[in-house]
Amino acid sequence: YSDESLDIKPVYPSLDESFDAAVIVTNLPQVAQAKIEKLSKVVTKLFANKKIGALSTTENFNGVHMPFDSTTKKTLGYAFVQYESTLDAKKAVEALNDYPLDKNHTLQVILYNEGMRLRDVPEEFDEPQPEPFVELPNTTSWLTDENQRDEFVIRHGNETEVMWSDGKNDPVMDYDGSRERKANINWCDYYCHWSPLGSFLATLLPQKGVILWGGKEYTKMGRFPTPGVRFIVFSPNEKYMLTSNEDRNDPNAIRVFNVQTGKLLRAFPLFPPDFLSPEQKHALEQGNLDMVPPPPPFQWSFDDSYLARMGKDLISIYETPKMKLLESRSLTAQGIHEFQWCPKGPKNILAYWAPEVGNAPAHVDLIEIPTRKKLRQKNLFNVTKCTMVWQSDGDFLGVKVTRHTKTKKTLYNNFELFRLRDTSIPVEMLDLKDAVMSFAWETGGSRFAIIHAENPTASKVNVSFYDMNKTMTSTKKIKGKEVKTTKVVGELNLVDTLKGKQCNCVFWSPAGGVIILAGLGESASGSLEFYDVDTKTLTIKEHYRANEVLWDSSGRTVATCVVQPVDGGHFKFAMDNGFNLWTFQGKQLHQQSYETFYQFQWRPRERLLAEEKIEEVHVNIKKYEKEFERADKERMRALHLEETKEKRMLRSAFRERVARLKEFRSQQKEARLELLAGYDEDDEDNYATKEVTLETVLTSVEEHIFLNN
């Protein structure tokens with residue numbers, strides 16, 4: 001051992017003089033001395049949340065400091081909260097800013113350093129200079145097309161192309177990304193999507209995110225950073241956009257943006273908390289995805305007010321734009337299997353179904369949001385599965401119920417049909433002994449179509465049409481004259497049944513009245529039957545290997561496609577890739593094939609005319625037909641003149657040259673006569689004319705005729 005004295009220098013931790021982990025809470029109630037302890041407990045419980053983080057405490061400090069005014073004998077209405085880490089402080093700002101403490105107090109939470117920055121405000125206000133006004137592109141300019149054309153976008157190879165379609169001629173290119181191609185930029189690497197009103201075209205670039213394009217020149221309107229993005233969902237009114245990268249390990253796999261500002265409003269994991277069982281979580285960690293159910297999708301309400309997702313025995317409803325839980329709690333829905341929003345107002349209504357649990361029957365519930373009032377509940381027994389389908393205007397809800405016998409060996413179907421617009425929401429039941437393969441409502445109408453057969457694997461099926469309303473006709477004598485009156489009553493009735501059809505899908509026209517009975521998929525023939533439900537006319541066509549049928553917004557043109565996944569891999573029907581365009585009557589307009597074809601999507605068009613105006617158009621359809629026919633002829637003539645412009649220019653140039661050469665020849669006549677010793681080769685008197693007739697037998701027929709004496 002050394003004889004030198006020990007020089008002990010203790011190493012103390014460095015003193016943290018910053019307040020990076022502190023937040024300032026304002027808009028607290030101003031309370032007297034007697035209520036400080038109670039208020040402090042409320043604030044401590046709120047901010048010391050496990051989802052946020054732990055407070056930094058000592059023997060004499062619980063992490064919350066509430067200044068007290070000795071003059072007024074009340075608190076000052078704000079507090080300081082100290083966390084153990086800066087990350088926890090930021091979480092507190094995100095989670096509790098604008099938190100409603102009570103009816104009169106909404107908390108405002110900011111970082112302490114941000115508050116100190118705001119304190120150093122100069123006494124004199126320096127008015128900022130406004131930025132020069134830059135007019136944004138008109139995202140509705142395409143609606144003013146003088147030829148009333150629709151648009152669609154296609155993805156094939158490395159190309160993304162937007163085209164015009166007038167429902168009569170071949171498509172015309174509108175934009176193909178040539179501007180980006182010149183700059184060596186690919187404007188789409190994955191799928192692309194139109195916004196619900198057709199204002200924006202969103203292109204997905206998994207390496208960068210989502211880019212919005214709009215206006216006549218397809219100008220870049222915004223970029224949303226979402227690495228690995230796989231799909232997006234716009235809100236119905238285009239205020240918000242939801243993106244997902246489908247990464248099961250990413251806590252921010254799903255992101256919600258404000259379309260106008262580009263601000264990220266909130267992020268979510270792919271699965272809600274406690275949605276997966278321990279066995280499913282283990283399978284997910286092991287990469288055994290067959291044991292893991294698909295993540296429950298988010299769904300928007302019709303007016304963009306709410307975004308909802310199903311969890312375990314609940315529905316989480318987030319209120320826009322703050323993206324916080326409605327009333328800070330989820331909607332309890334014991335055993336929920338599926339939910340859907342009503343597609344139209346005036347009220348936001350949720351429909352969900354839950355199976356039987358113990359002695360409790362299965363049930364379909366209609367809930368009004370935000371009041372959470374239960375508008376209707378229908379109990380169901382011996383239920384195997386339910387499928388809910390809304391009518392496009394939200395007037396009706398159809399629930400296909402697959403039931404089983406007590407032995408659970410035999411399955412049968414029935415439909416529960418809800419009338420949303422009637423008092424107390426009555427429910428009608430339709431029983432079917434057959435297996436049901438498809439069910440679809442007429443767009444904007446009261447009719448629906450069902451594909452059914454005795455056996456679900458049958459090659460021949462029946463298609464039945466039902467109407468939720470029935471027209472009653474009666475005749476009355478008024479002043480000696482018979483007057484017919486019609487009345488529409490709410491009564492379910494069978495309209496028609498088509499037997500022996502080879503189809504597995506039905507697609508109603510957006511204009512109503514016309515439906516396509518299609519046989520899609522690998523095992524189908526690609527048959528297409530255009531059926532007019534009103535006139536009962538049928539046109540049969542075929543698109544071999546077709547796997548998509550897509551109507552345009554007007555209902556005058558329909559596209560049938562053979563598409564392959566964009567992710568790559570082997571697609572055994574690649575030789576059939578492409579699309580066909582048809583009129584609603586089944587006349588083929590255009591056919592296009594591609595080596596690789598990934599996507600076809602019509603541009604949505606908002607319905608601008610009121611029902612009264614549409615009815616007026618129907619009444620005066622003959623008048624409008626003449627106007628449109630005249631406009632079509634003028635457009636076709638203009639198109640013909642444009643297409644033959646170069647040919648007509650060449651013809652005019654040729655005629656001018658011939659005339660010039662004739663004039664030049666006439667000027668040389670005297671010199672020519674002199675060279676030919678006075679012989680004029682243009683004088684017809686110098687020629688002898690001889691006519692020769694030649695006869696040629698083209699065909700001969702020998703026929704024997706027998707005459708009776």
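Given the structure is predicted, the values throughout are model-derived calculations rather than measurements. (Residues numbered from 1 in each chain as written. Predicted model: local features only at pLDDT ≥ 70, side-chain atom pairs only at ≥ 80, totals over all residues. Heavy atoms only, no water.)

## Side note on the overall build of the protein chain
So the rule is basically this: Helix and strand assignments follow DSSP, with helices taken as H or I runs no shorter than four residues and strands as E runs no shorter than two, numbered in order from the N terminus. For this measure, only C-alpha atoms enter the radius of gyration; the expected value for a globule follows 2.2 Å times N^0.38, where N is the number of residues. Any two residues whose heavy atoms approach within 4.5 Å are treated as being in contact. With residues, only the protein chains shown are counted as cover, and all accessible areas are computed by Shrake-Rupley using a 1.4 Å probe. Only four residue types enter the tally: Lys and Arg on the positive side, Asp and Glu on the negative side; His and the chain ends are excluded. Every charge is mapped onto a representative atom, which is NZ of Lys, CZ of Arg, CG of Asp or CD of Glu.
A count of helical and extended segments in the protein chain gives 9 helices and 46 strands. Relative to the compact-globule value of 27 Å for 709 residues, the protein chain shows a C-alpha radius of gyration of 37 Å, a clear excess of over 25%. The C-alpha extent of the protein chain, read off along each of the three principal axes, is 145 × 85 × 80 Å. For the protein chain, contacts bridging at least 24 residues in sequence account for 46% of all contacts bridging at least 6. Roughly 44,900 Å² of accessible area belongs to the protein chain as shown, and the carbon and sulfur atoms make up 51% of that amount. For the protein chain, the centre of its 92 positive side-chain charges and the centre of its 102 negative side-chain charges are spaced 7 Å apart.

## Some remarks on the packing of aromatic side chains
Put simply, the test is: Note on ring pairs: Phe, Tyr and Trp rings are taken, using the six-membered ring of Trp, and paired if centres are within 6.5 Å. Classes follow the plane angle, with under 30 degrees stacked, over 60 edge-to-face and the rest tilted. For the exposure calls, accessible area comes from a 1.4 Å probe over protein chains only, and a residue counts as buried if that area is under 20% of its type's maximum, exposed if over 50%, partly exposed in between.
Evaluation of the coordinates by the stated rule reveals 31 aromatic pairs. With a centroid separation of 4.7 Å and 40° between ring planes, the pair formed by Phe19 and Tyr112 is classed as tilted. Separated by 93 residues along the polypeptide, Phe19 in the segment before strand S1 (22-26) and Tyr112 in helix H3 (residues 112-119) bring together distant segments of the chain. Under the relative-accessibility criterion, Phe19 is labelled partly exposed at 42%. Put simply, the rings of Phe152, Phe579, Tyr594, Phe597, Phe600 and Trp602 pair up and form one aromatic cluster.

## What to know about the UniProt feature "coiled-coil region" (unreviewed entry) in the protein chain
Rules: UniProt positions are given in the numbering used here, feature names are shortened, and annotations may be inferred rather than shown by experiment.
Taken from the UniProt record, the annotation "coiled-coil region" (unreviewed entry) applies to residues 607-641. Taken end to end, residues 607-641 comprises 86% helix and 0% strand; its first and last C-alpha atoms sit 34 Å apart.

## Section: the pattern of salt bridges
Note the threshold: One speaks of a salt bridge when a side-chain nitrogen belonging to Lys or Arg is within 4 Å of a carboxyl oxygen belonging to Asp or Glu.
On inspection of all chains with the given rule, the structure shows 30 salt bridges. Residue Asp395 pairs with Arg421 through a salt bridge whose shortest N-O separation is 2.8 Å. Linking Asp395 in the loop between strand S28 (383-390) and strand S29 (396-404) with Arg421 in the loop between strand S30 (411-419) and strand S31 (427-432), this pair joins segments that are 26 residues apart in sequence. Here Glu491 ties to Lys470 by a salt bridge, and the two come within 3.9 Å at their closest N and O atoms. Taken together, the positions of Glu491 in the loop between strand S36 (481-489) and strand S37 (493-501) and Lys470 in strand S35 (residues 470-478) put the pair 21 residues apart, joining distant regions of the chain. On the accessibility criterion, Glu491 (37% relative accessible area) is partly exposed. Its relative accessible area of 32% is what places Lys470 among the partly exposed residues. Connected through salt bridges with shared partners, the residues Arg665, Arg672, Glu681 and Asp682 form a single ionic network.

## Observations regarding the sheet that holds strand S13 (residues 209-214)
Note the following rule: At least two DSSP bridges between two strands are needed for those strands to be called paired. Between the N-to-C directions of two axes lies an angle of 0 to 180 degrees, each axis being a line fitted to C-alpha atoms and, for a helix, fitted only over the stretch in contact.
In space, the 4 strands of this open sheet follow the order S11-S12-S13-S14, with antiparallel pairing throughout. Each edge of the open sheet carries a strand with a single partner, namely strand S11 (192-194) and strand S14 (219-225). For this sheet, the mean angle separating the axes of adjacent strands, direction not counted, is 20°. As paired strands, S11 and strand S12 (residues 201-205) are joined by 3 bridges and run antiparallel to one another. Looking across to S12, one finds that Trp194 is bridged to Leu201.

## So, the sheet that holds strand S2 (residues 64-65)
Pairing in this open sheet of 5 strands is antiparallel, and the strands run S2-S5-S1-S7-S6 from one edge to the other. Single-partner strands in this sheet number two, and they are S2 and strand S6 (99-100). Sheet topology note: the S2/strand S5 (residues 78-82) ladder contains 2 bridges and is antiparallel. Bridging across to S5, His65 finds its partner in Phe80. Its contacts with the sheet put helix H1 (residues 36-47) on S1, S2, S5, S6 and strand S7 (106-111), and the angle it makes with S7 is roughly 60°. Where helix H2 (residues 86-96) meets the sheet, it contacts S1, S6 and S7, and its direction lies at approximately 150° from that of S7.

## Focus on the side chain of His156
Spelled out, the test is: For this analysis, a polar contact is any N or O atom pair within 3.5 Å, provided that within protein one partner can donate a hydrogen and the other can accept it, and provided that sequence-adjacent residues contribute only side-chain to side-chain pairs.
Its location among the elements puts His156 in strand S8 (residues 150-156). Reaching out from His156, the side chain makes a polar contact with the side chain of Glu161 at a distance of 3.3 Å. Discounting residues that sit within four places of it in the chain, His156 has contacts with Glu161, Tyr594, Thr596, Phe597 and Tyr598.

## Notes on the UniProt feature "domain: RRM" (unreviewed entry) in the protein chain
Following the UniProt record, one finds the feature "domain: RRM" (unreviewed entry) at residues 21-114. Structurally, residues 21-114 is divided into 28% helix and 26% strand, and its ends, taken at the C-alpha atoms, are 12 Å apart.

## Section: the domain arrangement of the protein chain
For clarity, the cut-off: Where each domain starts and ends comes from a domain assignment, either automatic or drawn from a database.
Splitting the protein chain by domain gives domain 1 (22-119), domain 2 (139-332), domain 3 (380-501) and domain 4 (503-594 + 603-608). Each of domain 1 and domain 3 has a C-alpha centre, and the two are 58 Å apart.

## A closer look at a positive patch on the surface
Applied cut-off: Patch definition: residues with relative accessible area over 30% and no salt bridge; like charges joined within 9 Å; nonpolar side chains (Val, Leu, Ile, Met, Phe, Trp, Tyr) joined within 5 Å.
On the surface, a cluster of positive charge is made up of Arg637, Lys645, Lys647, Arg648, Arg651 and Arg655. Looking at the positive patch, the element that brings in the most residues is helix H8 (residues 645-667), giving 5 residues.

## Focus: empty space enclosed by the protein
Cut-off, in case you're wondering: A cavity here means a set of 1 Å grid points, computed over protein atoms only, where a 1.4 Å probe fits but cannot escape. A pocket is an open set with protein on both sides within 12 Å along at least 5 of 7 lines, and lining residues have an atom within 4 Å of a point. Grid points are joined across faces, edges and corners, and a volume is the space filled by probe spheres set on the points. Three classes are used: nonpolar for Ala, Val, Leu, Ile, Met, Phe, Trp, Tyr, Cys and Pro, charged for Asp, Glu, Lys and Arg, and polar for all others, with Gly counted as polar.
A full pass over the atoms with the stated rule returns 1 cavity of 30 Å³ or more. Of the pockets and cavities examined, the largest cavity occupies roughly 30 Å³. If you trace the largest cavity, you find it lined by Thr226, Pro227, Val229, Thr243, Ser244, Asn245, Asn252, Ala253 and Arg255. For the lining of the largest cavity, the residue count by class is 3 nonpolar, 5 polar and 1 charged.

## Describing the nonpolar core
Note the cut-off: What is meant by a nonpolar core is a set of buried Ala, Val, Leu, Ile, Met, Phe, Trp, Tyr and Cys residues, joined one to another through side-chain atoms within 4.5 Å.
If you look at the biggest cluster of nonpolar residues, it comprises 33 residues, and the most contacted ones within it are Ile315, Ile317, Phe339, Trp341, Leu350 and Ile369. Considering every element that reaches this core, the biggest residue donor is strand S20 (residues 306-311), with 4 residues. Once residues lying within four places of it in the same chain are set aside, the contact partners of Ile315 are Ala308, Arg309, Met310, Ser330, Leu331, Ala333, Ile336, Phe339, Leu350 and Tyr352. In this structure, Ile36, Leu46, Leu55 and Val81 belong to the second largest nonpolar core, which totals 22 residues.

## Here's the deal with the pairing of strand S25 (residues 348-354)
Of all 7 residues making up S25, 7 are buried, and the element is well covered by its neighbours. Residue alternation in S25 divides its side chains into two sets, Asn348, Leu350, Tyr352 and Ala354 and Ile349, Ala351 and Trp353, and both sets are buried. The sheet contact formed by strand S24 (residues 338-341) and S25 spans 4 bridges and is antiparallel. Along S25, the bridge assignment pairs Glu338 with Trp353. Linking two consecutive strands that pair antiparallel, namely S24 and S25, is a turn of 6 residues. Bridge count between S25 and strand S26 (residues 362-369): 7 bridges; the pairing is antiparallel. Bridging across to S26, Ala354 finds its partner in His363.

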